[in-house]
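One letter stands for each residue in the lines below.
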Amino acid sequence: MYDIIVIGGGPAGLSAAVQARSRNRSVLIISGQERDVPLSQAGRVNNYLGMPGLSGRELIARFSTHAAQLGAERMEGRALSAMATSGRFLVAVGSEVAEGRALILATGVAHGPKYPGESEFLGRGVSYCATCDGMLYRGKPVVVVGASAQAPEEANFLQELGCQVTYVSRTRPEALQPSIDFVSAVRLEIVGDQQAAALRADGREIPCACVFLLRPSMAPADLMPGLALSGPYLQVDRDMATNLPGVFAAGDCTGLPLQISKAVGEGLIAGHRACDYLGNPPPPASNIC
Amino acid sequence: MALYHFNQEGFEKAVNSGDLVMVDFWATWCGPCRMIAPVVEELARQYEGKAIVGKVDTDQEPALSMQLGISSIPTILFYKDGKEIDRKVGVMPAQAYTAVLDANL
């Protein structure tokens, strides 16, 4: 059981983790791979105070190292679902379940709107979890829509289970098994009747029993039912508290501007307030501030 | 023991009893399933004598899971008078399940 679980390994989540570790709270960061963090795509960042001219990858590497040096632990994967139960929070990541006393959501913004048919067929031939649902489709055709760094591995896993996998993304990822069919497409739609029956990819229909949509992170409202939204973003107060007790949020998932400084500042507040929420702090550790 | 672990035969017997039945379809490798397991256990205790609450391991009972159209786990099915009356896919707060149970007691 951790004091604080941080979902998201971007600037906001890492900032929150640094603050919470500085207060001697145990912290678990749940995040995909570093290259899934949008900041890692930025060639050059010139508006982060005192550190102009670094690439996004350099910045995120420094932030990650800082959090790791302070003892924040890390679990690689996509948080699929979170729930509160008897004064603690459970977060499902693939086949694992993490447990914490407070939760900080720093999931970033969902990458684009949902695909047509996605909500309609969710749980009826649309899945966000290859680990969970792959076995139900052994021997059947499935489509993986790969939008995260981990997606090729998950497609390979589905093929090992015995699924007939077609992988859809803009370009073929190197890590994808050569024996897996690949379709390059960007306009996607899930079609079917009672169940999803095919993925329409740039107009071409790929028949399948299930479409696995593998994004870097889940939209917070899908992750945890009951979270109040403000437009497409999470509703928070000045303490970065959401409407659910013990759940805080920071960074791009709380709204504009989608900037590093704002994310880091919000992460700091969320980290502090999550520590306050936990009550009396443990004895201070030396040399970690 | 308030919580039943059904194989196909036990599942059919429970459903055919006509009683109010709640069944959680799950698997060991599924994190979200493990997450709601304590919720299901609690409901089994809470509704003992009012509803039959059980679980089906989809890995042990693939034919039953396929027959019932389980396409994502966790999926929770509700039955009364031998007929499916509701199904909930994915992790939901306990109230989502108690609402169905309470409405059909």
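What counts as what
Residues numbered from 1 in each chain as written. Chains lettered and ligands numbered in written order. Predicted model: local features only at pLDDT ≥ 70, side-chain atom pairs only at ≥ 80, totals over all residues. Helix = DSSP H or I, 4+ residues; strand = E, 2+ residues; numbered from the N terminus. Rg over C-alpha atoms; globule rule 2.2 N^0.38 Å. Buried ≥ 20, exposed ≤ 12 C-beta atoms within 10 Å, placed from the backbone. Contact = placed C-beta atoms within 7 Å. Nonpolar A, V, L, I, M, F, W, Y, C, P; charged D, E, K, R; others polar. Domains from an automatic or database assignment. Pairing = 2+ DSSP bridges. Axes fitted to C-alpha atoms, helices over the stretch in contact; angles between N-to-C directions. Core = buried A, V, L, I, M, F, W, Y, C linked by C-beta atoms within 7 Å.

*Asks:* Looking at this structure, how should I read the overall build of chain B?
*Replies:* On a plain count of helices and strands, chain B comes out with 4 helices and 5 strands. Going from the N terminus to the C terminus, chain B shows its helices and strands as β-α-β-α-β-α-β-β-α. Against the globule reference of 13 Å for 105 residues, chain B gives a C-alpha radius of gyration of 12 Å, in line with a compact fold. Principal-axis analysis of the C-alpha atoms places the extent of chain B at approximately 30 × 25 × 25 Å. Within chain B, the proportion of its 105 residues that are buried is 42%. Considering only contacts within chain B whose residues lie at least 6 apart along the sequence, 67% involve residues at least 24 apart.

*Asks:* Where do I start with the interface of chain A and chain B in this structure?
*Replies:* Taken together, the contact between chain A and chain B spans 24 residues of the former and 21 residues of the latter. Of all the secondary structure elements, the ones that give two or more residues to the side of chain A that touches chain B are β4 (79-85), β5 (88-93), β6 (96-105) and α4 (130-133) of chain A. Ranked by residues supplied to the side of chain A that touches chain B, first place goes to β4 of chain A with 4 residues. Residue composition of the side of chain A that touches chain B, grouped by class: 11 nonpolar, 10 polar and 3 charged.

*Asks:* Any chance you could explain the domain arrangement of chain A here in plain terms?
*Replies:* Interface size is commonly expressed as the accessible area that is lost once the parts come together. Residues and elements named next belong to chain A. Its domain assignment divides chain A into domain 1 (2-110 + 217-278) and domain 2 (118-214). Computed from C-alpha atoms alone, the centre-to-centre distance between domain 1 and domain 2 is 28 Å. Domain 1 puts 8 residues into the contact, and the matching count from domain 2 is 6 residues. Class assignment of the residues belonging to the side of domain 1 that touches domain 2 gives a composition of 2 nonpolar, 4 polar and 2 charged.

*Asks:* Would you explain the sheet that holds strand β13 (residues 204-207) of chain A in this entry?
*Replies:* Pairing between the strands of a sheet comes from backbone hydrogen bonds, and it takes one of two forms, parallel or antiparallel. All names here are of chain A. In spatial order, the strands read β11-β12-β13; together these 3 strands make up an open sheet with antiparallel pairing. One side of each edge strand has no neighbouring strand; the edge strands of this open sheet are β11 (188-192) and β13. Here the average twist between neighbouring strands, direction ignored, is 30 degrees. Pairing analysis gives 5 bridges linking β11 to strand β12 (residues 196-201), with the strands arranged antiparallel. Looking across to β12, one finds that Leu188 is bridged to Ala201.

*Asks:* Even after reading the chapter, I still don't get the nonpolar core, so can you show me in this structure?
*Replies:* Inside soluble globular proteins, nonpolar side chains tend to come together where they are buried. If you look at the biggest cluster of nonpolar residues, it comprises 121 residues, and the most contacted ones within it are Ile5, Val91, Ile104, Val142, Val144 and Val211 of chain A. Among the elements that take part in this core, helix α2 (residues 31-46) of chain B stands out by supplying 7 residues, more than any other. Residue contributions to this core reach at least three from each of two domains, namely domain 1 (2-110 + 217-278) and domain 2 (118-214) of chain A. If sequence neighbours within four positions are ignored, Ile5 of chain A has contacts with Leu28, Ile30, Phe89, Val91, Ala98, Gly100 and Leu103 of chain A.

*Asks:* Is there a simple way to explain the sheet that holds strand β5 (residues 83-89) of chain B in this structure?
*Replies:* Residue and element names in this part refer to chain B. The 5 strands lie next to each other as β1-β3-β2-β4-β5, forming an open sheet whose pairing is mixed. Each edge of the open sheet carries a strand with a single partner, namely β1 (3-5) and β5. Along the sheet, successive strands turn relative to each other by an average axial angle of 25 degrees, direction set aside. The sheet contact formed by strand β2 (residues 21-26) and strand β3 (residues 52-57) spans 6 bridges and is parallel. Among the inter-strand pairings, Val21 is bridged to a residue of β3, identified as Ile52. In the packing of α2 onto the sheet, the strands contacted are β1, β2 and β3, and the crossing angle to β3 comes to about 155 degrees.

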